[in-house]
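Structural overview
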Amino acid sequence: MKNKRLGEMLVSMGQLTEEQLKEALDLQKKQKGRFGEILIDNGFITEEQLIETLRIQLGIDFVDLTKTEIDPAMSKYVPKAMAKEYLIIPVRVSNDNLFLAMEDPLNFLAQEEAAHTSKKKIVPMIASRSAIEHAISTLYGNEGAVEAMAQMRAEAGFREEEVTPAEENSESNAPTIRLVNSIIERAHNENASDIHFEPTDQEMVIRMRIDGRLHKVLTIPKELRDSVISRIKIMGRMDTVERRIPQDGRASVKLNGDTVDMRLSTLPTMHGEKAVIRILGGQAAMLDRKAIGIPESENRKLDRLTSLTSGVILIVGPTGSGKSSTMYTLVNELLSEETNLITLEDPVEYNIRGASQVQINEKVGLTFASGLRAILRQDPDIVCVGEIRDGETAEIAMRAAMTGHLVITTIHTEDAVSAIDRLKDMGVEPYMIASAVRGIISQRLVRKICRNCRTEYTPEPGELESAKLKPYPGRKFYIGKGCEYCFHTGYRGRTGVFEILMMNDELRRLIVSGGTKQAFREASAKTDFVPMIQNADRLVQSGITSISEVIRMISNLE
């Protein structure tokens, strides 16, 4: 096996030509990566072609890790660091043989290291990179939590009472710290937005919200839950003794070199205190139009909005529709040394270098309205208001826009037309809305079909009609079958679906005259306005999302 070269195998299988092999070898000298990765990343072959070639040429079994349940005890044979370094995962043990799933079964150094550590004979198997990465996350994600819980239960004289801040870093509380940290690390690796610690009469259930849906990932014994809640309170600088009232706090942790900001809250329930950790991220610098899902067709409108020096840009949608990400994306584009940009937020979700960020604190009287008044005395060029919640804030924002400031804000409404009605309901004069608002960005988040289990399918007769999508000959549709990588949901990740309405004289006239929603929609149709359903249709056509997601999130708006 050691004498065989990957390039020669691929040529003999007809997957590469001699010319392509020479070109790939030249690229490897420049890029200094593993040969298989060079071939895939540069489009010479697909991962499936690589796996099939190695399977046939080397006589190695392929293992579908998305359908394989790995015993948590397997983690003792291969350390997490080694698994991540070599992209290997122990699958099972039979007598003295350790079956090892590998992305590159020709990596003999990895096999030797695993054999030395496990004291077993290595039987290599081949698996896809994405499946191995997710298997590593799953196998080792709960490893620290399980070990910490075992140590907590085994310690003599385990204490049920609360832990004081002075004892936070004591040796006896180290298992609790490791347990909570390992849960947060698992959530971070899974790109979860929230972690729920939910007490029941028999245990504490840990669930994580991934792509908008909650998934159960762990249970904690009943006798350990008070210590876990105490640790969360200490992290958030809450009162560890007070259990009768809800509490809120903030915390930051370092994970793999990244600073992860969190908002923490507790709530008394019948079976004890429940805690929720909202993972705020800190990745504002990574947000851009492509990352949040702005289509190329809408970029021209967004360019016009970001070139403005005054007026209001409204970002609308229900809770959890990605409005904050869109606002931060615009902020990133508008930041410069010549611009004084101030934000007013509740909470501050991302730390933005170069912007002055103000945290709302209603307990001391710092509301959106009072904060906005104070900001306008700070000589701002651009003001970002996290959310318009009342008429006073709305009116101040409109007046600020009319006096030469660019205001970016969000409001909870279903669509662009409803945003105008909402502002009127808050008591803002129609002439102010018409004069101040320059554009309205309406959006939703839809789940993306899992790339690992995406498959073509034929929709039911009524699905396209329900989704308000148009059929045509030869059109293909896709759905996720469900696998371990996507928690068997068929989806992994989310993207935004947008519609951007630019104000013109006719729309302003309708706002002032109190035109109906129907009249407003008809006037919008005469502009370059593209309805959200059309942008959703583009995502379905590209195989990014499914018909059922469009029905669930968008079709009911039309």
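Residues numbered from 1 in each chain as written. Predicted model: local features only at pLDDT ≥ 70, side-chain atom pairs only at ≥ 80, totals over all residues. Heavy atoms only, no water.

From N to C terminus, the protein chain includes 22 helices and 18 strands. For the protein chain, the spread of C-alpha atoms along the three principal axes comes to 80 × 70 × 50 Å. By the burial criterion, 50% of the 558 residues in the protein chain qualify as buried. Approximately 26700 Å² of the protein chain is accessible, and the part contributed by carbon and sulfur atoms is 48%. When the 72 basic and 80 acidic side-chain charges of the protein chain are each reduced to a single mean position, those positions are 1 Å apart. (Helix = DSSP H or I, 4+ residues; strand = E, 2+ residues; numbered from the N terminus. Buried < 20%, exposed > 50% of the residue type's maximum accessible area, 1.4 Å probe, protein only. Areas by Shrake-Rupley, 256 points an atom, 1.4 Å probe, with all protein chains shown as cover. Lys, Arg positive; Asp, Glu negative; His and termini not counted. Charge placed at Lys NZ, Arg CZ, Asp CG, Glu CD.)

As a further point, take the UniProt feature "domain: AAA+ ATPase" (unreviewed entry) in the protein chain. Here the UniProt feature "domain: AAA+ ATPase" (unreviewed entry) sits at residues 309-430. Taken end to end, residues 309-430 is 35% helix and 20% strand, and its two terminal C-alpha atoms sit 22 Å from one another. (UniProt positions renumbered as here; feature names shortened; annotations may be inferred.)

This part takes up the pattern of salt bridges. Counting across every chain of the model gives 28 salt bridges. The partner of Lys274 in a salt bridge is Glu198, and the shortest N-O contact between them spans 3.4 Å. Pair noted here: Lys274 is in strand 9 (residues 272-281) and Glu198 is in strand 4 (residues 194-199), with a separation of 76 residues, a long-range link. Take Glu198: its relative accessible area is 14%, and that puts it in the buried class. (Salt bridge = Lys/Arg side-chain N within 4 Å of Asp/Glu carboxyl O.)

The next point concerns helix 20 (residues 517-525). Three or four residues apart is the spacing at which side chains of an α-helix point the same way, because the helix has 3.6 residues per turn. Regarding helix 20, the residues found buried are Phe520, Ala523 and Ser524. Angularly, the buried residues of helix 20 cover 100° about the axis, an arc narrow enough to put them on a single face. Where helix 20 is buried, its residues touch helix 16 (416-425), strand 18 (491-502) and helix 19 (505-513). (Arc of directions from axis to C-beta. Contact = heavy atoms within 4.5 Å.)

Bringing the environment of Glu463 into the picture now. For Glu463, the position within the fold is in helix 18 (residues 461-467). On the basis of relative accessibility, which here comes to 18%, the residue Glu463 falls in the buried class. C-alpha separation for the pair Glu463 and Ser548, spaced 85 residues apart in sequence, amounts to 7.7 Å. Beyond its immediate stretch of four places on either side in the chain, Glu463 contacts Tyr457, Ile547 and Ile551.

Turning our eyes to something else, we now look at unusual backbone geometry. With phi around 55°, Leu87 is a residue other than glycine that occupies positive phi space. If you trace the backbone, Leu87 turns up in the loop between helix 5 (80-86) and strand 1 (88-94). Positive phi outside glycine occurs at Lys468, with the angle close to 60°. Residue position: Lys468 is located in the loop between helix 18 and strand 17 (477-480).

As assigned here, the protein chain comprises domain 1 (6-136), domain 2 (141-154 + 175-280) and domain 3 (285-444 + 495-529). Here the C-alpha centre of domain 3 lies 34 Å away from the C-alpha centre of domain 2. Taken residue by residue, the interface counts 4 residues in domain 2 and 6 residues in domain 3. Interface area, domain 2 with domain 3, both sides summed: about 390 Å², of which 36% is carbon and sulfur. On the surface where domain 2 and domain 3 come into contact, there are 0 salt bridges. For the pair domain 2 and domain 3, the interface holds 1 residue pair in polar contact (both at pLDDT 80 or more). The class makeup of the residues in the side of domain 2 that touches domain 3 is 1 nonpolar, no polar and 3 charged. (Domains from an automatic or database assignment. Buried area = accessible area lost by both parts, 1.4 Å probe. Polar contact = N/O pair within 3.5 Å; in protein donor to acceptor, adjacent residues only side chain to side chain. Nonpolar A, V, L, I, M, F, W, Y, C, P; charged D, E, K, R; others polar.)

A few words on the packing of helix 16 against helix 20. Contact pair helix 16 / helix 20: the axes reach a minimum separation of 10 Å and the direction vectors enclose 135°. In terms of axis orientation, helix 16 runs oblique to helix 20. Note on packing geometry: the crossing formed by helix 16 with helix 20 is right-handed. Facing Val417, Ser418, Ile420 and Asp421 of helix 16, the residues of helix 20 in contact are Lys517, Phe520 and Arg521. (Axes fitted to C-alpha atoms, helices over the stretch in contact; angles between N-to-C directions. Parallel < 35°, antiparallel > 145°, perpendicular 65-115°, else oblique. Left-handed = near helix turned anticlockwise from the far one by under 90°.)

Quick look at the pairing of strand 13 (residues 382-385) now. The two faces of strand 13 match: Ile382 and Cys384 on one face and Val383 and Val385 on the other face are all buried. Where strand 11 (residues 341-345) and strand 13 come together, 4 bridges link them in parallel fashion. Among the inter-strand pairings, Thr343 is bridged to a residue of strand 13, identified as Cys384. Two strands pair when backbone bridges link them, and strand 13 and strand 14 (residues 406-411) are joined in this way by 4 bridges, in the parallel orientation. (Pairing = 2+ DSSP bridges.)

Inspection of the secondary structure assignment puts Arg454 in strand 16 (residues 454-457). Arg454 sits in the partly exposed class, given a relative accessible area of 29%. As for Arg454 and Phe108, which are separated by 346 residues in sequence, their C-alpha atoms are 33 Å apart. Separated by 3.1 Å, the side chain of Arg454 and the backbone oxygen of Gly543 make a polar contact.

Read across the open sheet, the 7 strands follow the order 12-11-13-14-10-15-18; overall the sheet is mixed. The open sheet has two free edges, formed respectively by strand 12 (356-359) and strand 18, since each of these has just one partner strand. Sheet twist, expressed as the mean angle between neighbouring strand axes with direction ignored, is 20°. Judged from the 10 bridges that link them, strand 15 (residues 437-449) and strand 18 form a sheet pairing that is antiparallel. Across the sheet, the residue bridging to Ile441 is Ile500, located in strand 18. Seen against the sheet, helix 12 (residues 299-306) touches strand 10 (311-316), strand 15 and strand 18 and runs at an angle of roughly 65° to strand 18. Where helix 13 (residues 323-334) meets the sheet, it contacts strand 10, strand 11, strand 12, strand 13, strand 14, strand 15 and strand 18, and its direction lies at approximately 165° from that of strand 14.

Taken together, the side chains of Met402, Tyr431 and Val512 define a hydrophobic patch exposed on the protein surface, amounting to about 290 Å² of accessible area. Along the polypeptide, Tyr431 turns up in helix 17 (residues 430-436). (Patch = residues over 30% accessible without salt bridge, like charges linked within 9 Å, V, L, I, M, F, W, Y side chains within 5 Å.)

In this model, helix 15 (residues 391-402) (12 residues) spans 16 Å end to end at C-alpha, consistent with the 16 Å of a helix rising 1.5 Å per residue. For helix 15, the complete set of buried residues consists of Gly391, Thr393, Ala394, Ile396, Ala397, Met398, Ala400 and Ala401. The N-terminus of helix 15 is capped by Asp390, whose side-chain oxygen sits 3.1 Å from the backbone nitrogen of Glu392. Of the residues trailing helix 15, Gly404 is marked for its positive phi of about 105°. (Expected span 1.5 Å × (residues − 1).)

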